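Architecture and fold: a report
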Amino acid sequence: MIETIQGNSPVVLGLPHTGTEVPPEIWDGLNETGQALADTDWHIHDLYAGLVADITSVRTPIHRYVIDVNRDPAGESLYPGQNTTTLCPLTDFDGQSIYQSGAEPTATEISRRRDLYHTPYHAALQGELERVKAIHGFVILYDCHSIRGDIPFLFQGRLPDFNIGTNLGATCDGAIETLVANRCTAASGYSSIQNGRFKGGWTTRHYGHPAKGQHAIQMELAQATYCAETSPWTMIPDRAGTLRTHLTDILTDLKNWRPT
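Labelled according to an unreviewed UniProt entry, the protein appears under the name N-formylglutamate deformylase, originating from Parasedimentitalea maritima.

Structural notes on the side chain of Glu229
Secondary-structure assignment places Glu229 in the loop between β7 (214-222) and α7 (237-256). A distance of 3.1 Å separates polar atoms of two side chains, one belonging to Glu229 and the other to Arg158. A distance of 3.4 Å separates the side chain of Glu229 from the backbone nitrogen of Gln223, its partner in a polar contact.

Regarding the packing of aromatic side chains
Taken as a whole, this structure holds five aromatic pairs when the rule is applied. The interplanar angle of 10° and the centroid separation of 5.5 Å between the aromatic rings of Trp42 and Trp233 together place this pair among those described as stacked. Here Trp42 is found in the loop between α2 (32-35) and α3 (44-48), whereas its partner Trp233 is found in the loop between β7 and α7, with 191 residues between them in sequence. According to the relative accessible area criterion, Trp233 is buried, its value standing at 7%. Note on Phe162 and Tyr190: the rings are 5.3 Å apart at their centroids and 45° apart in plane angle, and the pair reads as tilted. In this pair, Phe162 is assigned in strand β5 (residues 162-165) and Tyr190 in the loop between α5 (174-186) and β6 (192-194), connecting sequence segments 28 residues apart.

Focus: the pattern of salt bridges
This structure, assessed with the given rule, holds 13 salt bridges. The residue Arg112 makes a salt bridge to Glu25 at a minimum N-O spacing of 3.6 Å. One end of the pair, Arg112, is in helix α4 (residues 107-136); the other, Glu25, is in helix α1 (residues 24-27), and 87 residues separate them in sequence. By relative accessible area, which is 29% here, Arg112 ends up partly exposed. Between Asp68 and Arg71 there is a salt bridge; the shortest N-O distance is 3.5 Å. In this pair, the class of Asp68 matches that of Arg71, namely buried. Within the structure, one salt-bridge network assembled from shared partners comprises Glu25, Glu109, Arg112 and Arg113.

What counts as what
- Residues numbered from 1 in each chain as written.
- Predicted model: local features only at pLDDT ≥ 70, side-chain atom pairs only at ≥ 80, totals over all residues.
- Heavy atoms only, no water.
- Helix = DSSP H or I, 4+ residues; strand = E, 2+ residues; numbered from the N terminus.
- Polar contact = N/O pair within 3.5 Å; in protein donor to acceptor, adjacent residues only side chain to side chain.
- Phe/Tyr/Trp six-rings, centres within 6.5 Å; stacked < 30°, edge-to-face > 60°.
- Buried < 20%, exposed > 50% of the residue type's maximum accessible area, 1.4 Å probe, protein only.
- Salt bridge = Lys/Arg side-chain N within 4 Å of Asp/Glu carboxyl O.

This is the structure we're talking about:
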């Protein structure tokens with residue numbers, strides 16, 4: 001079920017939110033809003049595909065409405081006091097219910113989904129991080145995300161194009177964050193921010209232990225940089241092509257980075 005492509009460079013891509021698969025028994029309980037799957041990280045696995053050779057990637061095809069593999073499996077909030085979605089979301093990013101009345105997952109169902117979908121994704125990701133770290137003595141997890149740039153329920157104003165998350169510098173060597181930030185700043189026509197609304201999800205925070213040679217950084221892209229932000233979420237080739245150039249630069253720098 002988990003899609004893994006192995007490379008031998010220091011970089012591992014996490015792809016937690018690009019999947020659109022929903023098991024039939026869960027699909028039947030979603031309402032029209034839920035079945036729109038609007039909160040997918042549309043096309044992200046295609047956007048990053050083939051940018052730099054010899055890079056590992058780990059992807060789940062399961063949609064985040066089934067279970068969000070970038071959330072704490074214990075259900076703790078990443079952003080206390082702020083609107084967000086949960087381990088097994090009950091609403092979309094606009095705060096609208098995604099389930100038919102009475103079809104919301106019970107505690108038992110959440111546990112079942114965690115065992116079936118959350119645990120295998122992280123087992124695969126942990127395995128690849130350990131494999132790559134054994135080769136180089138360190139590893140860089142680059143967690144790939146995207147989101148609509150205008151979602152009042154989650155944040156005020158328009159989201160910058162590049163949103164770098166390192167949990168305020170805790171999840172990676174500062175040189176890695178600076179390297180990525182410099183590439184984003186140098187990208188003409190794009191806006192960027194470090195540790196703004198998105199400071200890194202559970203994946204980044206869980207795996208980012210720079211003192212142990214395990215670095216993690218999250219990139220949240222505003223979807224307008226490469227696709228339409230409304231259904232059917234069509235890729236815009238010119239925008240995507242330009243963005244891929246900048247993402248290639250970022251991943252190349254990460255691939256070539258070495259601790260000092």
